[in-house]
Amino acid sequence: MAKHQDIEGVSAKDMANAIRALAMDAVEKAKCGHPGMPMGMADAATVLFSRFLKFDASEPNWPDRDRFVLSAGHGSMLLYALLYLTGNEDITLDEIKNFRQLGSKTAGHPENFLASGIETTTGPLGQGLGNAVGMAMAEAHLNARFGAELVDHRTWVIAGDGCLMEGISQEAIALAGHQKLNKLVVIWDDNSISIDGAISLSDSTDQRARFAASGWNVLSCDGHDMGDVAKALEAATKSKDKPTLIACKTIIGYGSPKKAGTAKAHGEALGAEELAATKSALGWSHGPFEVPDDILTAWRKVGARGAETREGWESTLKRAAQRDAFAAAMSGSIDNAIAALGMHAQKMASEKPSLATRASSGFAIESMFDACPELLGGSADLTGSNNTLAKGASDFTPENRLGRYVRYGIREHGMAAAMNGMALHGGVIPYSGTFLCFADYARPSIRLAALMGIRVVHVMTHDSIGLGEDGPTHQPVEHLAALRAIPNLLVFRPADAVEAAECWQAALLNEDGPSILALSRQTTPALRGDASENLSVRGAYELLPAEGGASRVAIFATGTEVALAVKARELLQADGVPTRVISAPCFEMFEMQDDAYQDSVCGDDEELKIGVEAAVGQGWFEALGLDAFVGMSTFGTSAPAKDAYAHFGITAEAVVETAKSLL
């Protein structure tokens, strides 16, 4: 082992041991947590933060900072210790002491909305790696748009064996290698241990060969030799056309006499006796949560070393010709897009086209694409089906970083994670497409976007049995209900071209969470002739009133089934049954409305309420107080759309029959 180098007159070994001590003490006090990873990666993290990471602890949200992603989120105390030691104002010593406690900023796994300096919420393994790919893509795009004077930073990741075993890792690294994201560096905590024991129990993958085959530059180092770590990190910064993996060989629970190198160090407190023995072995004679002044001062100097660079960048920004455009991009300004969509909605109301709602969404995208240069689109190999490529848009490639369309390939999970990373990075507004059925592939990342409260838009087409002949493997039946069950996720299912434009407006205005646009393959008629007000943002609204007396039946529907509800109303009205139709494009937004509005839409208890959607009925009764539901209760079938609807009894006649049987 090479001699530890001093930093600011303090031993780098002691600086690393401060991380270890805080991690051990916090986990011991909480009686739960993961001390082994912070203990093993403390040396490498000390080198990264003190010599390579571009940041300023006093301005943790500086736009041109390097991004540091702890993909191995279970080792959260590594990040919390680094933030406290470098002087981040959000992570105090009291927060360290309150690790994993109710109301603390030091949650069991890092949560980006709790404290600055936490770039993303990690814990589900591999997600941080996928986020980092998106961050690096956003950096590359903004670098091309605004120049290196304003945007020129790296994305650093610490990932564990578990991150690399998760399937998302292959999607992420293949995309990064293909895109030649040379400013992305992944430091693999190669400690050969997982919860069950040795990695060899479950995996024999040659990770270095896998990354190399995916187009990565592959390096290695001894994670406890700071000189060797620095050499590897320095080499990584020289890569011109490839992302870099550094296989950083470490010992989990480094310093623990009885638990180092074993699964026992992974996910439990060391225990008082072993904690004392470990501190003794490390030469750390200080009390719980005690960091000597000289070591803390050295770390605080590390936290402040980027201040001059940051101040220079701010001066450059003030003089930059693109200052206002850069500020607008980083603030996520969408005013022009909202205005363009409003004009497009009025055009659709006037022209009344019959279109598949996926086509309506495509026209909505085209209407605002030039007005909102922050939009960065894409698709998981379904561009022609999703209608996500605006006319004139070029592909984002290594040769054309100004491109605003990403060919993600058949990587729905990696795509969704990368979109999260883009949104977290800032400066771009990501949207992308796939089939609604394949939301299952992307669900973990969608869930995390909802948890983090970030704006990403998922265009998900072929939204029902209406996709037809591809059959039940591709026909989403339970997906709308499953997605509506995710807190803080808006699920839109527009009924025509006007609603599609309105739902796009609502999705962009939703700055604090992700949105899904569920869109049809089959054509549906125009229903709205007036777009003077965005009615879809209310979640549900009366499309057609009852005629000939007080309403006896209210038909609630979404998407393509709204046209079906309109036809059922015509039949009921012809039979002397006054009937209303309510379009409900977004349950979540309807639930946000006040009680008076909800009551006005839902009507009184004397009115029969029927829901119609070509999907399962979970959630409908709770959201709208239905008496009956016409929809799916099984998987679909391979057949033309019209035949499939008739086969499953989702027809205007079936709605009328249901109404008459209950009146």
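Before going into details, it helps to say that this report is about the structure given with it. (Residues numbered from 1 in each chain as written. Predicted model: local features only at pLDDT ≥ 70, side-chain atom pairs only at ≥ 80, totals over all residues. Heavy atoms only, no water.)

### Section: the overall build of the protein chain
Phase 1: Assigned secondary structure in the protein chain consists of 26 helices and 22 strands.
Phase 2: Relative to the globule expectation of 26 Å for 663 residues, the C-alpha radius of gyration of the protein chain, 28 Å, shows essentially globular dimensions.
Phase 3: In terms of overall dimensions, the protein chain has C-alpha extents of about 90 × 55 × 45 Å along its principal axes.
Phase 4: Expressed as a percentage of its 663 residues, the buried residues of the protein chain come to 62%.
Phase 5: Summarising the internal contacts of the protein chain: among those between residues at least 6 apart in sequence, 78% fall at separations of at least 24.
Phase 6: Accessible area of the protein chain: about 24000 Å², with a carbon and sulfur share of 49%.
Phase 7: For the protein chain, the separation between the mean place of its 57 positive charges and that of its 83 negative charges on side chains is 5 Å. (Helix = DSSP H or I, 4+ residues; strand = E, 2+ residues; numbered from the N terminus. Rg over C-alpha atoms; globule rule 2.2 N^0.38 Å. Buried < 20%, exposed > 50% of the residue type's maximum accessible area, 1.4 Å probe, protein only. Contact = heavy atoms within 4.5 Å. Areas by Shrake-Rupley, 256 points an atom, 1.4 Å probe, with all protein chains shown as cover. Lys, Arg positive; Asp, Glu negative; His and termini not counted. Charge placed at Lys NZ, Arg CZ, Asp CG, Glu CD.)

### Here we look at the sheet that holds strand S14 (residues 457-461)
Phase 1: In spatial order, the strands read S12-S11-S13-S14-S16-S15; together these 6 strands make up an open sheet with parallel pairing. Each edge of the open sheet is held by one strand with a lone partner, namely strand S12 (405-407) and strand S15 (490-492). Here the average twist between neighbouring strands, direction ignored, is 20°.
Phase 2: Where S15 and strand S16 (residues 515-518) come together, 3 bridges link them in parallel fashion. Within S16, the residue paired with Val491 across the bridge is Ile516. (Pairing = 2+ DSSP bridges. Axes fitted to C-alpha atoms, helices over the stretch in contact; angles between N-to-C directions.)

### Quick look at helix H3 (residues 76-86)
Phase 1: Of all 11 residues making up H3, 11 are buried, and the element is well covered by its neighbours.
Phase 2: Buried residues along H3 sit in contact with helix H1 (12-30), helix H2 (36-52), strand S3 (67-70), helix H4 (93-97), strand S4 (155-160) and helix H11 (293-304).
Phase 3: Gly87 lies just past H3 and shows a positive phi near 100°.

### Focus: the pattern of salt bridges
Phase 1: This structure, assessed with the given rule, holds 28 salt bridges.
Phase 2: With a shortest N-O distance of 3.2 Å, Arg310 and Glu314 are connected by a salt bridge. Taken as a pair, Arg310 and Glu314 lie in helix H12 (residues 307-319) at a separation of 4 residues, close to a single helical turn.
Phase 3: On the basis of relative accessible area, Arg310 is assigned to the buried category, the value being 10%.
Phase 4: Among the salt bridges present, the one from Asp463 reaches Arg493, with a minimum N-O distance of 2.8 Å. With Asp463 in the loop between S14 and helix H19 (479-484) and Arg493 in the loop between S15 and helix H20 (497-509), this pair connects stretches of sequence that are 30 residues apart.
Phase 5: You can call Arg493 buried: its relative accessible area is 1%.
Phase 6: Through salt bridges with shared partners, a single network forms among Asp463, Arg484, Arg493, Glu561 and Glu613. (Salt bridge = Lys/Arg side-chain N within 4 Å of Asp/Glu carboxyl O.)

### Overview of the side chain of Arg20
Phase 1: Looking at the element boundaries, Arg20 is found in helix H1.
Phase 2: When neighbours within four sequence positions are excluded, Arg20 is seen to be in contact with Pro38, Met39, Ala42, Asp43, His224, Tyr254 and Leu282.

### Structural notes on the environment of Glu28
Phase 1: In this fold, Glu28 is placed in helix H1.
Phase 2: Sequence separation of Glu28 and Tyr408 is 380 residues, and the distance between their C-alpha atoms is 43 Å.
Phase 3: Setting aside residues no more than four positions away along its own chain, Glu28 makes contact with Ala269, Leu270, Gly271, Ala272 and Leu275.
Phase 4: Separated by 3.0 Å, the side chain of Glu28 and the backbone nitrogen of Gly271 make a polar contact. (Polar contact = N/O pair within 3.5 Å; in protein donor to acceptor, adjacent residues only side chain to side chain.)

### Concerning a negative patch on the surface
Phase 1: A contiguous patch of negative charge on the surface is contributed by Asp604, Asp605, Glu606 and Asp627.
Phase 2: Judged by its relative accessible area of 45%, Asp604 is partly exposed. (Patch = residues over 30% accessible without salt bridge, like charges linked within 9 Å, V, L, I, M, F, W, Y side chains within 5 Å.)

### Description of the packing of H1 against H3
Phase 1: Two elements in contact, H1 and H3, have axes whose closest approach is 9 Å; the angle formed by their N-to-C orientations is 120°. Between H1 and H3, the angle is such that the two are oblique. Crossing geometry of H1 relative to H3 is assigned as right-handed. The segment H1 lies against H3, with Ala18, Ile19, Leu22, Ala23 and Ala26 engaging Met77, Leu78, Ala81, Leu82, Tyr84 and Leu85.
Phase 2: The residue inventory of the contact of H1 with H3, partitioned by class, reads 11 nonpolar, no polar and no charged. (Parallel < 35°, antiparallel > 145°, perpendicular 65-115°, else oblique. Left-handed = near helix turned anticlockwise from the far one by under 90°. Nonpolar A, V, L, I, M, F, W, Y, C, P; charged D, E, K, R; others polar.)

### Quick word on the packing of helix H14 (residues 335-351) against helix H15 (residues 357-369)
Phase 1: The interhelical angle for the contact between H14 and H15, taken along N-to-C directions, is 130°, at an axis separation of 8 Å. In terms of their interaxial angle, H14 and H15 are classed as oblique. Crossing hand, H14 versus H15: right-handed. Contact residues: H14 offers Ala337, Ala340, Leu341 and His344, while H15 offers Ser360, Phe363, Ala364, Ser367 and Met368.
Phase 2: Taken together, the residues of the contact of H14 with H15 sort by class into 6 nonpolar, 3 polar and no charged.

### Some points on the pairing of S4
For a regular strand, side chains alternate in direction, first toward one face of the sheet and then toward the other.
Phase 1: With 6 of its 6 residues buried, S4 lies for the most part within the structure.
Phase 2: A two-sided burial pattern is seen for S4, the buried positions comprising Thr155, Val157 and Ala159 on one face and Trp156, Ile158 and Gly160 on the other.
Phase 3: Note: S3 against S4, 4 bridges, orientation parallel. When the sheet's bridge partners are listed, Leu70 is paired in S4 with Ile158.
Phase 4: When S4 meets strand S5 (residues 184-190), the two strands line up parallel, connected through 6 bridges. From the neighbouring strand, Thr155 faces S5, where its bridge partner is Leu184.

### Remarks on unusual backbone geometry
Phase 1: Backbone geometry places Lys352, a non-glycine residue, at a positive phi of 50°.
Phase 2: By relative accessible area, which is 46% here, Lys352 ends up partly exposed.
Phase 3: One non-glycine residue, Asn387, adopts positive backbone phi at about 55°.
Phase 4: Position of Asn387 among the secondary structure elements: in the loop between helix H16 (383-386) and S12.
Phase 5: With relative accessibility at 27%, the residue Asn387 sits in the partly exposed group.

### Comments concerning the sheet that holds strand S20 (residues 579-583)
Strand pairing in a sheet relies on backbone hydrogen bonds. The paired strands run either parallel or antiparallel.
Phase 1: With mixed pairing, 5 strands are arranged side by side in an open sheet as S18-S20-S19-S21-S22. Lying at the two open borders of the sheet, with one neighbouring strand each, are strand S18 (541-544) and strand S22 (628-630). Each adjacent strand pair in this sheet contributes to an overall mean axis angle of 30°, direction not counted.
Phase 2: One ladder, built from 5 bridges, connects strand S19 (residues 553-557) with strand S21 (residues 608-612); its direction is parallel. Paired with Ala557 across the two strands is Val612, which belongs to S21.
Phase 3: Lying on the sheet, helix H23 (residues 595-602) is in contact with S18, S19, S20 and S21; it crosses S20 at an angle near 130°.

### Brief notes about the side chain of His458
Phase 1: Its location among the elements puts His458 in strand S14.
Phase 2: Under the relative-accessibility criterion, His458 is labelled buried at 3%.
Phase 3: Here His458 is in contact with Ala416, Met419, Ser432, Ile446, Ser515, Ile516 and Leu517, once residues within four sequence places are set aside.

### Section: the pairing of S16
Phase 1: Side chains Ser515 and Leu517 project from S16 onto one buried face, and the interleaved Ile516 and Ala518 project onto a second face that is buried too.
Phase 2: Bridge count for S14 against S16 is 4 bridges, and the pairing is parallel. By the bridge assignment, Met460 is partnered in S16 with Ala518.
Phase 3: Running through H20, the crossover from S15 to the neighbouring parallel element S16 is right-handed. (Right-handed = clockwise from strand over helix to strand, strands pointing away.)

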